[in-house]
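In case you want the letters, here they are:
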Amino acid sequence: MTTETAPADRIVLPGGEMLAWSDLPEGRAVTTGTLAALAATVVPAGASVLVAGPHDPALLDRLAHAEVTCLLRGYPDGVTLAAHAARVVVGGATGLADGERFDVVIAGAGLDTVESVEGARLGWRGVLARLTRALRPGGTLLLWVENPMGLRRFVDADAWYARRDDAAWSISGVLDTDHPANREQLDVRLSEAGLRPRGCFAAYTDAGARALIDADELTRGTTSGLFDAVLHDACANGFATTVLQDPARLAVDALHAGLGSALAPGWVVVAAKEPAAGPADDVPPAALPVALLETGPGADVLEVVADPQGWRWRVTATDRSATPAAPFATREAAHRDLAALDGRPVPEGRLLRTLLLDAALRRDLDGLRRLLRGYAAWLTGQAGPDGQLGGAVALATVDNVLAADGGYALLDPSWQATSPLSPEVVLARGLRRFATTLVTGGYAHPWPSTLDVAGLTVVLAGVAGHDLDRATVTAAVDIEAAVTAAVRGLDNEGRGVLLSELRSVEPTDPPAGTRSFQQLREAWLRQREELSRLTALLKWTEELLTSRERALRRAEVTLNLLNGSVSYRVGKLAITPARLARRGARAAKRRLRGALATKPQERQ
């Protein structure tokens, strides 16, 4: 048997397959590392696993310690995934044999992508019931559920009800009573199917989530700096290029209002099937992490776990292997050391960026002065004997620093600077990032709107008690480009483009990244205000030049009139002899001085 024919031998076609349909190229497959990491946690070694729906092959590879069967509706997807699974069943939910049982069922792409249009239609509840029957008593279900009133619904520029693509038959909304519309309805659906929830995660941004956060902890942790930073990072680039409003700002506001779980784009629930003997209340729930985060250019997945001492970072062995070696890391301005993060406590406190934005919006100059001076003092206090900042502190900015009880702490110390930096440049970099957020984001602040980003950075440094010049800010821009290029994994060409973009930021520009109509409108208003100011200045300059020209013309007319008058001519006739006499007197005086100077020489 050759390797080319072996995958095809693993494909089972029980009927109901869609021979020409594929979900993988259309972006309906789960391609996230967070779900794969969670699946690897809930799947024990040697377990039989059913992966229902289209999933990225990388997720199947993470389950190499188990026996995996894929359940798909499209034959082309079955051919693609056959090499990554022990068996592939193509036929939708009705293609499963009644007697098949699995220890774990994973439906990370939802239940709509499991159902085939070529067979009997079961609906959302029917598919859930069919997958539940495929579970052994005490088995585990890992399921992603879309939130019809989630964050994506509020920011998408395209109406969800106007879809006309080939997969539009699976559109769901709050009026579709078959789909759960909130977490309470989801719990009811699971209970009706004989499942007991063990844990629920808020998925940001969707099925391809960059962050999975425990839904209950997210609801309680309204002031958590960790959740603040995670939601902002996950939503900053997790949506289409153009949206209605800034999803990161909306997600952070929802967090502070206690609605982070209710407005999540989706939920990932871990549920257990009741054992045949009845509920097993004495069985403790599975030890699930508090959060799973996908970060870095290599899409490293970090976990936050709870222990009696608090929350701690946890790095898996796979993530350790993805860490670049030290000799290679020295070629970049920054490198990541995940080993330094493993087991480290997660600090508590509010995110400094959020506190600064709040103080700026309320024009709280005292609060801004206290926060900025505390941040600057904390930075300078970390300097070494040579007065330089090295390691993770050299990359500490306002969006990676937490403030609590008057102290400051670094949230994620895994990214470290390769070479030490001066405290002034580090401070300028952090303040410039905040200044860019203020001016391009359209935030109201207590300083003149005519300041550019560099000027506002100098002003913020003065509030922090430091005297920075524009040359230091320019050096900070170069460091920012080098560090950001290392974090994003950009090459030299990408780094040059990034440096040009950072240097050309103007107060009238919208924020970088996802474009929102709301922020574009604010940028347009700033541009209109700047044009109005320039137009008024140009009008004033033109009026000044016109008045000066008129005065000059009046002077010329006066001179012309004087030149043609009788008094001017008589005066000119009287003055001319006087001028000639004056010139003659000066010449006689020069001759007399010369004669007096030669007499002493003749006597000698």
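Details of the structure are given in the entry above.
All figures in this text were calculated on a predicted structure; none of them were measured in a lab. (Residues numbered from 1 in each chain as written. Predicted model: local features only at pLDDT ≥ 70, side-chain atom pairs only at ≥ 80, totals over all residues. Heavy atoms only, no water.)

## A few points about a nonpolar patch on the surface
What counts here: Each patch is built from salt-bridge-free residues with over 30% relative accessible area, joining like charges within 9 Å and nonpolar side chains (Val, Leu, Ile, Met, Phe, Trp, Tyr) within 5 Å. Only the protein chains shown count as covering a residue, and every accessible area follows the Shrake-Rupley method with a 1.4 Å probe. The working definition used for a salt bridge is a side-chain nitrogen of Lys or Arg within 4 Å of a carboxyl oxygen of Asp or Glu. A run of DSSP states H or I qualifies as a helix once it reaches four residues; a run of E qualifies as a strand once it reaches two. Both are numbered from the N-terminal end.
On the surface, Leu 531, Leu 534, Leu 537 and Trp 540 cluster together into a nonpolar patch covering about 420 Å² of accessible area. Within the secondary structure, Trp 540 is located in helix H19 (residues 517-563).

## Looking at the environment of Thr 241
Cut-off, in case you're wondering: Contact definition: two residues touch when any of their heavy atoms are within 4.5 Å.
Along the polypeptide, Thr 241 turns up in the loop between helix H9 (225-236) and strand E9 (242-243). With 272 residues separating them in the primary sequence, Thr 241 and Gly 513 have C-alpha atoms 7.5 Å apart. The residues contacting Thr 241, other than those within four sequence positions of it, are Thr 514 and Arg 515.

## What about the pairing of strand E17 (residues 401-404)?
Look at any regular strand and the pattern is simple: side chains alternate between the two faces of the sheet. Operational definition: Note on pairing: DSSP must find at least two bridges between two strands before they are called paired.
Summarising the sheet, strand E15 (residues 350-351) and E17 pair through two bridges and their orientation is antiparallel. Looking at the pairing, Leu 351 lines up with Leu 402 of E17. Pairing analysis gives four bridges linking E17 to strand E18 (residues 407-410), with the strands arranged antiparallel. Looking at the pairing, Leu 402 lines up with Ala 409 of E18. Taking the residues that link successive antiparallel strands as the turn, the E17-E18 hairpin has two residues, and the phi of Asp 405 there is positive, at about 55°.

## Some thoughts on the side chain of Glu 303
Along the polypeptide, Glu 303 turns up in strand E12 (residues 300-307). If we ignore the near neighbours within four places in the chain, the residues touching Glu 303 are Ala 37, Thr 41, Pro 289, Ala 291, Leu 292, Arg 312, Trp 313, Arg 314 and Thr 316.

## Describing the packing of aromatic side chains
Keep this limit in mind: For Phe, Tyr and Trp, where Trp contributes only its six-membered ring, two rings pair if their centres lie within 6.5 Å, and the inter-plane angle classes them as stacked under 30 degrees, edge-to-face over 60, or tilted in between. Three labels apply to residues, based on accessible area from a 1.4 Å probe with only protein chains included: buried if under 20% of the type maximum, exposed if over 50%, partly exposed otherwise in between.
Applying the stated criterion across every chain, the model contains one aromatic pair. With centroids separated by 5.6 Å and ring planes inclined at 40°, the aromatic side chains of Phe 227 and Trp 311 adopt a geometry described as tilted. Placement of Phe 227 in helix H9 and of Trp 311 in strand E13 (residues 310-315) is noted, with a sequence separation of 84 residues between them. On the basis of relative accessibility, which here comes to 0%, the residue Phe 227 falls in the buried class.

## Here's the deal with helix H13 (residues 352-361)
With respect to burial, H13 is a largely interior element, seven of its 10 residues being buried. Looking at the residues trailing H13, positive phi occurs at Arg 363, about 55°.

## As for the nonpolar core
What counts here: Among buried residues, those of type Ala, Val, Leu, Ile, Met, Phe, Trp, Tyr and Cys that are joined through side-chain atoms within 4.5 Å constitute a nonpolar core.
By size, the foremost hydrophobic cluster in this structure holds 61 residues, and its most contacted members are Leu 131, Leu 143, Tyr 204 and Trp 313. A per-element tally of this core places H9 first, with seven residues. If near-sequence neighbours (up to four positions away) are discounted, Leu 143 is found in contact with Ala 107, Leu 111, Trp 124, Leu 128, Trp 267, Val 268 and Val 269. Counting residues in each nonpolar core, the second largest holds 49 residues, with Leu 357, Leu 431, Val 439 and Val 483 among its members.

## Here we look at the pairing of strand E3 (residues 67-72)
Heads up, the rule is: Crossover handedness is defined by viewing with both strands directed away from the observer: a clockwise path from the first strand over the helix to the second marks the crossover as right-handed.
The buried fraction of E3 amounts to five of the six residues, a majority that puts the element mostly inside the structure. In terms of strand pairing, strand E2 (residues 48-52) meets E3 through five bridges, oriented parallel. When the bridges of E3 are listed, Leu 50 appears paired with Thr 69. As for the winding sense of the linkage, the β-α-β connection from E2 through helix H3 (residues 57-62) to E3 is right-handed. Relative to strand E4 (residues 87-90), E3 runs parallel, the two being bridged by four bridges. Residue pairing for E4: Thr 69 is matched across the bridge by Arg 87. Crossover E3 to E4 through helix H4 (residues 75-81) is right-handed.

## Observations concerning unusual backbone geometry
Omega for the peptide link from Tyr 204 to Thr 205 comes to 15°, which places this bond in the cis form. Along the chain, Thr 205 falls in the loop between strand E7 (195-204) and strand E8 (211-214). Phi is positive for Arg 363, close to 55°, though the residue is something other than glycine. Looking at the element boundaries, Arg 363 is found in the loop between H13 and helix H14 (365-381).

## Some thoughts on the sheet that holds strand E10 (residues 266-273)
Sheet strands line up and pair through hydrogen bonds in the backbone, either parallel or antiparallel. Let me state the cut-off plainly: Axes here mean lines fitted to C-alpha atoms, for a helix over just the part in contact, with angles spanning 0 to 180 degrees between N-to-C directions.
Taken together, 12 strands build an open sheet; the order of strands is E1-E4-E3-E2-E5-E6-E10-E7-E8-E11-E12-E13 and the sheet is mixed. Sheet topology places strand E1 (11-12) and E13 at the edges, where each strand pairs with a single neighbour. Where strand E11 (residues 291-295) and E12 come together, five bridges link them in antiparallel fashion. Across the sheet, Ala 291 pairs through a bridge with Val 304, a residue of E12. Along the sheet face, helix H7 (residues 183-192) touches strand E6 (135-146), E7 and E10 and points at about 145° away from the line of E7. This element, H9, spans E7, E8, E11, E12 and E13 of the sheet and lies at about 150° to E8.

## Details of the pattern of salt bridges
Per the stated rule, a full pass over the model turns up 29 salt bridges. One salt bridge connects Arg 121 with Glu 115, and the closest N-O pair in it is separated by 3.7 Å. Between Asp 412 and Arg 336 there is a salt bridge whose closest N-O contact spans 3.4 Å. Of the two residues, Asp 412 is situated in the loop between E18 and strand E19 (415-421) and Arg 336 in strand E14 (residues 334-336); the sequence distance between them amounts to 76 residues. The network of salt bridges with common partners includes Asp 399, Arg 429, Arg 433 and Glu 480.

## Examining the environment of Leu 365
As for its placement among the helices and strands, Leu 365 is situated in helix H14. Each C-alpha atom, one on Leu 365 and one on Pro 446, is 7.8 Å from the other, the two residues being 81 residues apart in sequence. When residues no more than four places from it in sequence are discounted, the contact partners of Leu 365 are Pro 446 and Trp 447.

## Some remarks on the side chain of Gln 519
With respect to the element layout, Gln 519 can be found in helix H19. Setting aside residues up to four positions removed in sequence, Gln 519 forms contacts with Asp 246, Pro 511 and Thr 514.

## Considerations on a positive patch on the surface
For the record, the criterion: By the counting scheme adopted, Arg and Lys are positive, Glu and Asp are negative, and His together with the chain ends is not counted. Charge placement uses NZ in Lys and CZ in Arg. For Asp and Glu, CG and CD serve respectively.
Together, Arg 579, Arg 582, Arg 583, Arg 586, Arg 590 and Arg 591 line one region of the surface with positive charge. On the secondary structure map, Arg 590 appears in helix H20 (residues 566-603). Looking at Arg 590, the relative accessible area reads 56%, which means it is exposed.

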